[in-house]
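Secondary and tertiary structure notes
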Amino acid sequence: MKILVLGSGAREHAIITALLREEPRPSVTCAPGNAGIAAEVAVVALDPNDPVAVTDYAVLHSIELVVIGPEAPLVAGVADALRARGIAVFGPDRAAAALEGSKTFAKRIMDAAGVPTGRAVRAGTLAEAEAALDEFGAPYVVKADGLAAGKGVLVTPDRPAALAHATYWLEHGSVLIEEFLDGQEISLFLLSDGQNVLPLSPAQDYKRALDHDAGPNTGGMGAYSPLPWLDEKFGSENKFIDEIIETVALPTVRQLAAEGTPFVGLLYCGLILTDAGIRVIEFNARFGDPETQVVLPRLVTPLSGLLLAAATGTLGALPRPEFSAEVAVTVVLASENYPDTPLIGREISGLTAALTVDGVTIAHAATRVVDGALVSTGGRVLSVVAVGESFAHARARAYEAMGHVSLAGAHFRTDIAARVA
Ligand code: AMP
Ligand code: GLY
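Residues numbered from 1 in each chain as written. Chains lettered and ligands numbered in written order. Predicted model: local features only at pLDDT ≥ 70, side-chain atom pairs only at ≥ 80, totals over all residues. Heavy atoms only, no water.

**Some words on the sheet that holds strand β11 (residues 197-199)**
What counts here: Note on pairing: two strands pair once DSSP finds at least 2 bridges between them. Helix and strand definitions here come from DSSP, where helices need a minimum of 4 consecutive H or I residues and strands a minimum of 2 consecutive E residues; each element is numbered from the N-terminal end. In this description, a line fitted to the C-alpha atoms serves as the axis of each element, helices being fitted only across the stretch in contact, and the angle between N-to-C directions of two axes falls anywhere from 0 to 180 degrees. Note on definitions: a residue-residue contact is assigned when non-hydrogen atoms from the two residues lie within 4.5 Å.
In spatial order, the strands read β11-β10-β16-β17; together these four strands make up an open sheet with antiparallel pairing. Here the strands that pair on one side only, and so sit at the sheet edges, are β11 and β17 (277-284). Each neighbouring strand pair of the sheet contributes to a mean axis angle of 35°, computed without reference to strand direction. In this sheet, strand β16 (residues 264-274) lies alongside strand β10 (residues 184-193) in antiparallel orientation, the contact comprising ten bridges. Counterpart to Gln 184 in the pairing with β16 is Leu 273. Its contacts with the sheet place helix α13 (residues 303-311) against β10, β11 and β16, and it is angled at close to 65° to β10.

**As for the site of ligand 1**
Using the following cut-off: Whether a residue is near a molecule or strand depends on its heavy atoms: it is near if one of them lies within 4 Å of it. Counted as a polar contact is a pair of N or O atoms within 3.5 Å, where, for protein atoms, one must be capable of donating a hydrogen and the other of accepting one, and residues adjacent in sequence contribute only when both atoms are in side chains. The accessible surface values rely on the Shrake-Rupley method and a 1.4 Å probe; as for residues, cover is taken only from the protein chains in view. The residue classification treats Ala, Val, Leu, Ile, Met, Phe, Trp, Tyr, Cys and Pro as nonpolar and Asp, Glu, Lys and Arg as charged. All others, Gly included, are polar.
Taken together, 14 residues form the shell around ligand 1, and within it Glu 178, Leu 181, Glu 185, Lys 207 and Glu 282 come nearest. Taking Glu 185, its side chain carries an N or O atom lying 2.3 Å from an oxygen atom of ligand 1. Residue Glu 282 places a side-chain N or O atom 2.7 Å away from an oxygen atom belonging to ligand 1. Bound to the protein, ligand 1 loses 91% of the 470 Å² it would expose on its own. Secondary-structure elements contributing two or more residues to the shell around ligand 1 are β7 (140-144), β8 (153-156) and β17. Considered class by class, the residues forming the shell around ligand 1 number six nonpolar, one polar and seven charged.

In structure tokens, the structure reads:
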């Protein structure tokens, strides 16, 4: 099968690594990719957000499946353009991708579908925002109502800080003030063909920049999978998954289909397990990063068959994907000053030594080769991924490997998966 993957992050590298593990190996091309991806598959300098360029390329090269990694091409209508030309694509049309891009749209769909979520008020003015903050009380949750690259959300006990965040994002549109939800966070990915869903194994992401969940929100600093504490709370991972399919995923997918905007692609359910039950905090319309780096290494079922079945409306004929009993941990290496204004263009070394640690792979994110040297090109630079028979084992491997990696000024969290090890 000829597959084109769009994107350039560690998520896309992890997707490609999973595809290349298959027998027979699919033929994979990536646009635009990064240095790590380019070392494994052909990369093309194609703008992944340009619907015409992507579609022309896919037609010219007889691509049989396009896998869209990030949200930006979805919002740009790349999936719509590919579908219009009859090319199988894993990723929703622009209208359905609003589930991620517009928090107001997501809330409306959840209300219509009866999906449990936090109460929220949309504010278009500062006065409305203030009234909503006072209605819900502290801690305050303020969210930008559009794509904000993981930086649109502020959770704070500090009312002036909440107001300042609201003021900033009101200049870019509207904001959502939400009730604070307390509990463990879970990321559950479901493949959707527009009607049917198939679950992957759940993961937990570490969103804050610093150890012990201090510091600002980021795109994600590490993750682990599976979640052993689900067994205690739900009896088993499968019982938890059944509940999410029944109460969240299928109602959402059916509501979108009923509104004429079927969701074909990856439904990312961002959940909080509160004392009162599961609540959706957000949907994304794509694989999560860095959760993908810990979910896909455990996937035993060939990924390409699952993605193609979702893209072609035939998921209903497939059994649930299988996962290995191994656990996985990923730790993200971030540039100095990430998530604020990352300092980039610095040399990265030690990857060869890191890869000598058993069970370790490295998913590149913001890397490029310049004059023979590997250099950083963005905030989250790479993900060290380790599998093992226990979390203590996988963590030890991940941190041993990270110890070999050098990048001036870089930082990473030291407590990833500590709570389960
Ligand atoms: P989001 O971009 O909506 O996923 O939010 C980013 C992070 O902010 C989440 O992963 C949570 O840690 C936190 N968060 C978002 N909404 C809430 C909420 N209603 N209550 C508590 N924490 C939240
Ligand atoms: N790890 C959070 C996200 O991908 O949105």
